Amino acid sequence: MDTLLQVSDLKTSFFTYAGEVKAVDGVSFDLGRGEVVAIVGESGCGKSVTALSIMRLISDPGRIVSGSIIFAGEDLVQKSEEEMQVIRGKEISMIFQDPMTSLNPVLSIGTQIMEVLRIHQTMSPREARERAVEMPSLVGMPNPDRRLGQYPHQFSGGMRQRVMIAMALACNPKLLIADEPTRALDVTVQAQIMELMKELKDKFDTSIMLITHDLGVVAGMASRVLVMCAGKIIEGGTVRDIYYNPQHPYTWSLLRSVPRLDAASKKRLLPIHGQPPDLLDPPKGCRFNPRCDYALKICLQEEPEYTCVNGGHKVACWRQHPEAPPFRPEEERGRSA
């Protein structure tokens, strides 16, 4: 599979009056053409900041400190704002968390879709109108001719999300970044939106970077999963690796906190105890060590190295290091599975 996106040692910080907040601290991953990769983790772990860094939408007091973002062979970190304006929407599109605040409330849906097309495709008003009618049809919106003249407040949450997907795919981008695309939607609409994205991905061969804290929406969509904790990727592998053979205590904790249809009816969910670390002053060593029941002495002193479990499955945990003391992760995996 050809590599479309390669992020290497990305560091993005926010420089506040209280100090430097290291929101993304040395993140590396790649994404193939036509592939779906999910980044999962609890709120505040750096998922959205990673996405905004790729889009080069980090504003003051934040900035990309170091690292590279190679997209289609070119480093986006080195691009000027004018060059990024050409790439955004045309080559890389993003679905933001809240469609109501992402859409302009005083412009009709049709006007907003046509604006994207006229900026990036240099279409005539007539051509843009024809394409604007076609896109809502693709995302399952009934009566697109009539609805193009309506405004965001006249749409339900699920329909607004469909509008955002239509706008994002209007220019056939190579990469679609979906940041919590099912947030605040009921479960029925969530399933519809995820199925829609899957169908459009297959139709247009678009690569998707899916960002979510909900492991329940990942299994049927992504081919690989990256688990993020406190600004770092601590485990990565295929969906099967992460769901059936998790190796990091943080991943176990995430899986144990997800409701399951096949679980005993009275079985309690186990939340992750403690609070996410303060990124102004992150803990020394492993970022998860203050909340980990299995921390070793070295976990409190040194950042863990990546250990290859098999193939593309890797984990940053001293417990999984070949020289670590005997440990029975099978027991813990059984609790999370």
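Before any of the text, the structure's been laid out above.
This report concerns the structure included in the present document. (Residues numbered from 1 in each chain as written. Predicted model: local features only at pLDDT ≥ 70, side-chain atom pairs only at ≥ 80, totals over all residues. Heavy atoms only, no water.)

On inspection of all chains with the given rule, the structure shows zero disulfides. Residue Cys-45 stays outside any disulfide, its sulfur separated by 7.5 Å from that of Cys-229, the closest cysteine. With no disulfide of its own, Cys-229 lies closest to Cys-286 among cysteine sulfurs, the gap being 6.7 Å. Residue classification places Cys-229 among the buried positions, given a relative accessible area of 2%. (Disulfide = S-S within 2.5 Å. Buried < 20%, exposed > 50% of the residue type's maximum accessible area, 1.4 Å probe, protein only.)

One pass over the full model with this rule turns up two aromatic pairs. Ring geometry for Tyr-250 and Phe-288: centres 5.2 Å apart, planes at 65°, overall edge-to-face. Placement of Tyr-250 in helix α10 (residues 249–256) and of Phe-288 in the loop between α10 and β11 (306–310) is noted, with a sequence separation of 38 residues between them. Seen from their ring centres, Trp-252 and Tyr-294 are 5.7 Å apart, and the 75° between their planes marks the pair as edge-to-face. Separated by 42 residues along the polypeptide, Trp-252 in helix α10 and Tyr-294 in the loop between α10 and β11 bring together distant segments of the chain. Residue class for Trp-252 comes out buried when judged on its relative accessible area of 0%. The buried category is assigned to Tyr-294, whose relative accessible area is 17%. Taking the ring centre of Phe-155 as reference, the NZ or CZ of Arg-147 above it sits at 4.2 Å. (Phe/Tyr/Trp six-rings, centres within 6.5 Å; stacked < 30°, edge-to-face > 60°. Helix = DSSP H or I, 4+ residues; strand = E, 2+ residues; numbered from the N terminus. Lys NZ or Arg CZ within 6 Å of the ring centre and 35° of its normal.)

Looking now at the pattern of salt bridges. Overall, the coordinates contain twelve salt bridges when judged by the stated rule. For Arg-224, the salt bridge goes to Asp-30, with nearest N and O atoms at 3.3 Å. Pair noted here: Arg-224 is in strand β9 (residues 224–229) and Asp-30 is in strand β2 (residues 19–32), with a separation of 194 residues, a long-range link. Residue classification places Arg-224 among the partly exposed positions, given a relative accessible area of 21%. A salt bridge links Arg-126 to Glu-130; the shortest N-O distance between them is 3.6 Å. Taken together, the residues Arg-126 and Glu-130, both in helix α5 (residues 125–138) and four residues apart, mark about one turn of the helix. (Salt bridge = Lys/Arg side-chain N within 4 Å of Asp/Glu carboxyl O.)

Here we come to the sheet that holds strand β3 (residues 36–40). Within a sheet, each strand pairs with its neighbour through backbone hydrogen bonds, oriented either parallel or antiparallel. Pairing in this open sheet of eight strands is mixed, and the strands run β6-β7-β8-β3-β9-β10-β12-β11 from one edge to the other. Two strands bound the open sheet, and with one partner strand each, they are β6 (92–95) and β11. Going from strand to strand, the sheet's axes swing by 20° on average, the running direction of each strand aside. Along the sheet, helix α7 (residues 157–169) makes contact with β6 and β7 (175–179), crossing β6 at roughly 175°. Sheet strands touched by helix α8 (residues 187–204): β3, β7 and β8 (207–212). Its angle to β8, the strand with the most contacts, is close to 160°. (Pairing = 2+ DSSP bridges. Axes fitted to C-alpha atoms, helices over the stretch in contact; angles between N-to-C directions. Contact = heavy atoms within 4.5 Å.)

What follows is about the environment of Asp-214. Mapped onto the fold, Asp-214 is located in the loop between β8 and β9. In this structure Asp-214 comes out as partly exposed when scored by relative accessible area, which is 26%. With 201 residues separating them in the primary sequence, Asp-214 and Ser-13 have C-alpha atoms 25 Å apart.

Okay, the pairing of β9 next. Among the six residues in β9, five count as buried, and that is most of the element. Sheet topology note: the β3/β9 ladder contains four bridges and is parallel. Across the sheet, Ala-38 pairs through a bridge with Val-225, a residue of β9. One ladder, built from six bridges, connects β9 with strand β10 (residues 232–238); its direction is antiparallel. Directly across from Val-225, in β10, lies its bridge partner Gly-237. Counted between consecutive antiparallel strands, the loop separating β9 from β10 contains two residues, among which Ala-230 sits at a positive phi close to 50°.

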